[in-house]
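Descriptive structure summary
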Amino acid sequence: MRRILAALVGTLVAAVLLINALLHPAQAGMAGGGSLPAFGFPFSQQPLTRYDGGTTKQVGTYNFPVSEGMAGVYMTLEPGALREMHWHAFAAEWAYVIEGRTRITLTSPEGEVQIADVDAGGLWYFPRGWGHSIEGLGPGTAKFLLVMNNGTFKEGSTFSLTDWISRTPLAWVSQDLGLSPAQVQQLPQRQVYISRKPPAPGPLAQAQPRGAGVKAMAQSHVFDLKAQPPRFARDGSELRLASAKEFPASFNMTGAIIHLEPGAMRAMHWHPNADEWQYVLDGSYELSVFAAQGQASVSKLREGDVGYVPMGYGHALRNGGSTPTDVLVVFNNGDYQSINLSEWLASNPTSVVANNLQIPPALADRLPKRDADFAP
Ligand code: MN
Ligand code: MN
């Protein structure tokens, strides 16, 4: 009897361990052999979900486990297509327009609105929970990238206007909107998500609030990132920044575009206060990540792929190709902070550096003496 019981307990323990390993493959891997999670994700190869008027695909912890701090959605909208009025309960939305033209509406808790056109190279920041919509303006397809400051975010968890009213008892909607039951029945019976019905959007000046006396938001939530002067530049490589300093509305997220010439490196560095989410706009590069405890890896990323560097992890980006590469980089902190290896070495006495690297002072003296964001 006791032997049968022991065998049963043993089987149970093995089953629990197996289930745990299946549920937490990265953790199991780390515990087993010190292997690292993937820091690159082949987002370019993910299939698109198609709607009438647009497409989407998404990346988050469910398919890219390391990306706990941020999730991404790639979306396209045809001219006249509307990503319906919605909000996100668990994430702020930071977005960059890759191609084409969009129009956004954003409503604050004070009932103030911003209605603005955002073209390629521009971005928007929507605080968590604020109501918003996006239209494709044309000509051509609008392509943009949404980055949410919550790695578990899924587009499906969005709070949508039509989902809400179609799931609320008819009498309640009738009372709330002041419509007859017959009129309420003309509203969508399920979530619309993307809508392409007339009228098509007109000029921005004609896109006015329906209500009288609705105030325009004092602070702008859109920003032209591509028009920013480079924050750092060296031999053609550049970094443009939209932190809360340049774009105050974006108080808890920062965006950047890094342009790397062939052969150039975004120098070895780390960010003390933020995770880093990357999207390859064009070209390709290699991402090297250092995770302490003797662990490091190099990932190859090409156009449309996503990279991720957890807060504090050492990293560098190197363009080993023959054409330039542009990388969209997003941080989940409005205060941009980084420490480069070069500035760390430059700020220490030669005796410390020589002792640490176990080299003669004369060789230590040859190491970088000034901060450098790029290594040409
Ligand atoms: Mn949204
Ligand atoms: Mn970085």
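Residues numbered from 1 in each chain as written. Chains lettered and ligands numbered in written order. Predicted model: local features only at pLDDT ≥ 70, side-chain atom pairs only at ≥ 80, totals over all residues. Heavy atoms only, no water.

Let's shift gears to the sheet that holds strand 17 (residues 254–260). One open sheet holds the seven strands; their spatial order is 1-22-19-24-17-16-15, and the pairing between them is antiparallel. What marks the edges here is a single partner per strand, and that holds for strand 1 (40–41) and strand 15 (232–234). Alignment of strand 1 against strand 22 (residues 306–309), held across two bridges, turns out to be antiparallel. In the sheet register, G40 faces strand 22, and the bridge partner there is G307. (Pairing = 2+ DSSP bridges. Helix = DSSP H or I, 4+ residues; strand = E, 2+ residues; numbered from the N terminus.)

For the peptide bond that leads from G138 to P139, omega is 0°, which places it in the cis range. Considering the arrangement of structural elements, one finds P139 in the loop between strand 10 (131–136) and strand 11 (142–148). Omega for the peptide link from P198 to P199 comes to 0°, which places this bond in the cis form. Here P199 shows up in the loop between strand 13 (194–195) and strand 14 (222–224). Although it is not a glycine, D235 adopts a positive phi angle of roughly 50°. With respect to the helices and strands, D235 occurs in the loop between strand 15 and strand 16 (237–242).

On to the packing of aromatic side chains, then. Here the structure, examined in full by the defined rule, presents 13 aromatic pairs. Measuring from centroid to centroid gives 6.3 Å for F41 and F43, while their planes differ by 40°, and the two rings are tilted. One exposure class covers both F41 and F43, and it is buried. Grouped by ring-pair contacts, the aromatic residues F41, F43, F64 and Y308 constitute a single cluster. Across from the ring centre of F43, 4.8 Å away, lies the NZ or CZ of K57, which sits over that ring. One cation-aromatic arrangement involves K57 over Y74; the distance from NZ or CZ to the ring centre is 5.5 Å. (Phe/Tyr/Trp six-rings, centres within 6.5 Å; stacked < 30°, edge-to-face > 60°. Buried < 20%, exposed > 50% of the residue type's maximum accessible area, 1.4 Å probe, protein only. Lys NZ or Arg CZ within 6 Å of the ring centre and 35° of its normal.)

Let's shift gears to the coordination of the manganese ion (ligand 2). For a metal with four tetrahedral donors the ideal donor-metal-donor angle is 109.5 degrees, whereas six octahedral donors ideally subtend 90 or 180 degrees. For the manganese ion (ligand 2), the full set of protein donor atoms is H269 (NE2), H271 (NE2), E276 (OE) and H315 (NE2), and the range of their distances to it is 2.0 to 2.2 Å. Between consecutive donors of the manganese ion (ligand 2), the numbers of intervening residues give the motif H-x1-H-x4-E-x38-H. With E276 in strand 19 (residues 276–282) and H315 in strand 23 (residues 314–318), this pair connects stretches of sequence that are 39 residues apart. Accessibility assignment for this pair places E276 and H315 in one class, buried. (Donors = N, O, S within 2.8 Å, 3.2 Å for Na, K, Ca; no water.)

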